[in-house]
Each structure stands twice: as C-alpha cells, then as structure tokens.
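Chain by chain, the residues run as shown.
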Amino acid sequence: MSVTPAYNKLNMFSKEVYQQRRQRLCELLPDSFLLFVGNAEEPFNYAGNTYSFRQDSTFLYLFGIDSPNYTATIDTATGNVTIYADDVTLDDTIWTGELPSVAVVASLVGVATTKPSSALAEDVKCVMKYRRVHYVPASRASSVQKIASILGLQTAAVNEYVSEPLIKSLVSMRSVKEQCEIDELENYMHVGYDMHVSAMKMAREGNSEQVIRSVIDYMSLRNGGHVSFPTICTVHGEILHNSPTTQVLKNGDLLLVDAGSESPLHYATDNTRTTPVGGHFSQQQREIYNIVLNANNAVAAAVRPGVFYRDMHLLAMRTIVDGLSQLGIMKGNIDDAVANGAYALFCPHGVGHMLGLDVHDMEGYGENYVGYDEEVQRSTQFGFSALRMARRLQAGFIVTDEPGIYFIPALIDKWQAEGICKDFINYEKLHTYRNFGGIRLEDDLLITPNGGRVLGQRIPINPNEVESIVCNANK
C-alpha cells in the first residue's frame, strides 16, 4: 500500500531522529522496560462526534506517529521497540479513506516490530513478573484508564506509580532542542507574527473580542495547526487568563492578546502583545507599557547559558519596580522591594516557561521536574512561587519572556487592607491606576551558545510602531 500524504516525511522528522532519541533514552535508562500510551480520540458529546485529535507529546517526541490508539514499549536492555495498534478495517476505510498499515507507519519512524493492540496487556503482564514498568503521567482520563487496565491498577493509583527516572530522563532530553526542532519553530513563527499583527489591525472601536479571536484562530487553522492554547483576547488584561467575550472595544481600551499556533509537527508558538484601541496610547498607558517593554528587553539581553532563569525573573521584576518607583506608584529601596515580593502586586506570575511540543513544555510530567532541580528550589513567596522556570539555562533551551504589569482591584484592596508591603507601595497614587487594566509583552527566546535571540521575526513591539499599525489599518 502506498503511503498517504498524512504519513509522508513532511509531517514527521526523519526516522533517524526518532531512532536516535530512543537510543539516547536506552542509554539513560539501561535495563528498563518503558510503556508509552498514545492518545485516543475523545468524544465531544457522543462517540461519533469527537474533539480534534491531538497526540500525546511524549509519544510524538519518541515515535512521531500522529494517529489515535497507538501504544509502544521499549526494552532498554535489548533495545527492542514494539508498536501496538490495529490496522483499519473495511468499515473504517469507508469513513477515513485508505490508510497505511501499522507496519508501514512504524517503518517510517524506524520501528520494525508491530503487534495488534490485543497483545499489549499480555506482553506487559509477562514483564511485570520480574521487572518494573516505567511510564510517565497521563493527562487524559482515557489514558489513565488504559494504563490502569494494562497494569492492573486502580485508576486513582495510576499517577502515584509514575517513573521519576523516566520523567527526569525525558526532561533532560526534551529541554535541549535539536536543530530540527529549532528549524520547525523558526520556520513557523511567521504564523504567530501574522496572528498578532492582524489583531493589532483590528484594535478599533466597534470590533469585539470574539470577532478578533475568531480571525486569529482561523489564521492558525489556515496554516495547518490548531491554536497552541485557548486564545486570550481581552480588554481586561488584568484578568490573567480572561476568555474572550462579546465585549465591544472602545477607543482608549488596551487590547491584550496572548495567542499561539501549533505547527504541523505540533511545536507551539506563544506570544503576547498589548495594543491601544484606536491607535494611540495615553501618556499613562505609554509609561506603563515602556516599563514592561524595558523588562522584556532586559531579559532578552541578559539570557545566556549558565544563568538561572530565576535570576532573569528577578531582573525583570527589578526593572518593573524601578519603573513604577519613577512614577511614584512604588517607593523605598528597590532591592528591598524585590526581596520582599512587593512587585507581585503588579506581576503575580513568573517571567516565563519552557516552550516546545507543549506550550508549557513538558509540564505534564510535573512543573517542578521541568523548571526546578537540585540547584534551585521553588520559592514560597507569593508571585515568586508562580515562576514555572527557574533552573540554569543551557544552549538549545527555548523559553518565553513575558513580564507584565496588572492593576487588579481585588488584590489591591486586599494588600492595602492588610498593610502588605506598605513601605514599598504608595497606595494613594496606586488608586489613580485602579481601572487601568493590564499589559503583558511576550517573546519566545532561543538560548544560543553565546546568549539568546527571539525566534523568528520579532512581532512589532515598539509603541510607536504598534500605534502606526493600528492607525494605518483604520485609514
């Protein structure tokens, strides 16, 4: 049977990439038996009406097969790799068209041994008599149930027995991006660029959040990829994950758009821009915008192998405190204000996270495995504790750089009522910004051997350029 376009090498890396990854995993975990459960199709509201399929990222990383109902095992002692799946039936073909056999698909990623799905449980059961079965956490209920069935566990216990050695090995591998991964993202970043510039052009009075979101989501689909996370498109940027509504934009609003797209190989873009509706920042808006931009630029200029991203977070927060102090919103010693976490009133999240096959790359394994290690542990301080990525940078890491300033009325009221950080915050001045909203500016940074750089063409970020895009679009 000929290979259909869905399985040609344009939608996979070369089979050598997957073979080398699996070989590396065998070297990291000698004499281990590894189980990898791919995703199944999930019903939207009944069995025949499913959500758009998205393969498990670990399965994509090691096997590259972007189809449902595949499972695989690796015996690292022997190097034997087996893929378990079923060929489509004639009844299936009526609905899906002709698809290549499991054996053909497996051959495209360098796997010679295939078995029907029905053989999996018995094969694993034989191994369990004398060896541990290693697997990573499952994010979907159907995958949890499948693992439970294979291993004879209660579903509630499945994620209690995940393999820390396997998690740490995969994190070490996936953290440093291969050149093919970098190229995939580099060549796809133009989609994120176009999405955000289009949103800027639509930032005019009378448009709604919902309409703008529909346009940029369509641009992602048009280029062959789903959005990498639910698009945030809101004039209430102080609500960090605010979903788009039917709210109509008016001149003077700030439109915050946090959006990204998945490439055909499922690598994620993730950018945020904040645009003045109508094309003109007020003086107050421009001042806050420039503080956030300075923080973003400071991180981009300072990243390099060997530095802790925790310190990049603190650099961004120091820049924010310095800028707010110049406006009279904050006061006192800048270093003391940062040490006491006073900045978290204005930026209660971390400066960034890993990016790759997942928009928050690998966090399904457990956030602390990805962003923390033996060298750096998570802070318990409000705001600082939300930092997802703190560990030492290496060449090949891809991280987001996304400082922000938000004026959150409920948080302001709580802090003022409890006298939190009163030595560093001028609450009287702060209340003149109470209804300001929020600004976030986010780029995707590749850590290079000598520093770092923005992936792809940088989305317009200079406030004058942003204003010009809006104004020219409205002519």
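**Student:** Where do I start with the overall build of the protein in this structure?
**Tutor:** For the protein, the helix and strand inventory stands at 16 helices and 15 strands. C-alpha atoms of the protein, sized along the principal axes, occupy 70 × 50 × 45 Å. Relative to its full complement of 475 residues, the protein shows a buried share of 53%. Restricting the contact set of the protein to residue pairs at least 6 apart, pairs at least 24 apart contribute 74%. Of the roughly 20300 Å² that the protein leaves accessible, carbon and sulfur atoms contribute 50%.

**Student:** What am I meant to see in the nonpolar core here?
**Tutor:** What tends to happen in soluble globular proteins is that the nonpolar side chains get buried as a cluster. In this structure, Phe36, Phe63, Ile83, Ile288, Tyr309 and Phe407 are the most contacted members of the largest nonpolar core, which totals 132 residues. Setting aside its immediate chain neighbours within four residues, Ile288 contacts Leu324, Leu327, Ile329, Ile405, Phe407, Tyr433, Phe436 and Ile439. Membership of the second largest hydrophobic core comes to 16 residues, among which are Val191, Ala199, Ala203 and Val257.

**Student:** Is there a simple way to think about the sheet that holds strand S4 (residues 71-75) in this case?
**Tutor:** Note on sheets: strands pair through backbone hydrogen bonds, and any given pair is parallel or antiparallel. As summarised here, the arrangement of the five strands in space is S6-S5-S4-S1-S7, forming an open sheet in which the pairing is mixed. Edge positions in the open sheet fall to strand S6 (113-115) and strand S7 (133-134), since each of these has one partner strand only. In this sheet, S7 lies alongside strand S1 (residues 33-37) in parallel orientation, the contact comprising two bridges. Bridging from a neighbouring strand, Leu34 pairs with His134 of S7. In the packing of helix H6 (residues 141-151) onto the sheet, the strands contacted are S1, S4 and S7, and the crossing angle to S1 comes to about 145°.

**Student:** Explanation requested: the confidence of the model for the protein in the structure shown.
**Tutor:** Do not read the fine detail of predicted coordinates wherever pLDDT is low. Predicted confidence across the protein gives a mean pLDDT of 95, with 97% of residues reaching 70 or more. A low-confidence stretch, residues 1-10 stays under pLDDT 50, and its non-local contacts, those more than four residues away or across chains, total 18 contacts.

**Student:** Explain the environment of Ile150 to me, please; I cannot follow it from the model alone.
**Tutor:** Secondary-structure assignment places Ile150 in helix H6. Under the relative-accessibility criterion, Ile150 is labelled buried at 9%. Taking the C-alpha atoms as reference points, Ile150 and Ser14, separated by 136 residues in sequence, lie 31 Å from one another. Setting aside chain neighbours within four positions, we find Ile150 in contact with Leu35, Leu120, Val124 and Met128.

**Student:** How should the sheet that holds strand S10 (residues 271-276) be read in this particular structure?
**Tutor:** Strand order in the open sheet formed by three strands is S8-S9-S10, and the pairing between neighbours is antiparallel. Single-partner strands in this sheet number two, and they are strand S8 (232-234) and S10. Within this sheet the neighbouring strands show an average axis-to-axis angle of 10°, counted without direction. Pairing between strand S9 (residues 254-259) and S10: six bridges, direction antiparallel. In the sheet register, Leu255 faces S10, and the bridge partner there is Thr275.

Rules used throughout
- Each chain has its residues counted from 1, following the order in which its sequence is written.
- Under the rules for a predicted model, residues below a pLDDT of 70 receive no local features and side-chain atom pairs below 80 are neither given nor counted, while totals for whole chains, interfaces and linings still include all residues.
- Note that water and hydrogens are dropped before the side-chain values are worked out from all heavy atoms of the structure.
- Think of it this way: any DSSP run of H or I at least four residues long counts as a helix, any run of E at least two long counts as a strand, and we number them from the N terminus.
- Throughout this description, buried means an accessible area under 20% of the type-specific maximum (1.4 Å probe, protein chains only), exposed means over 50%, and partly exposed covers the range between.
- In what follows, residue pairs with any heavy atoms lying within 4.5 Å of each other are defined as contacts.
- Only the protein chains shown count as cover for residues, with accessible areas throughout obtained via the Shrake-Rupley method and a probe of 1.4 Å.
- We define a nonpolar core as any set of buried Ala, Val, Leu, Ile, Met, Phe, Trp, Tyr and Cys residues linked to one another through side-chain atoms lying within 4.5 Å.
- A strand pair is defined by DSSP finding two or more bridges across the two strands.
- Axes, fitted as lines to C-alpha atoms, cover a helix only where it is in contact. Angles between the N-to-C directions of the axes lie from 0 to 180 degrees.
- The predictor reports its confidence for every residue as pLDDT, a score running from 0 up to 100.

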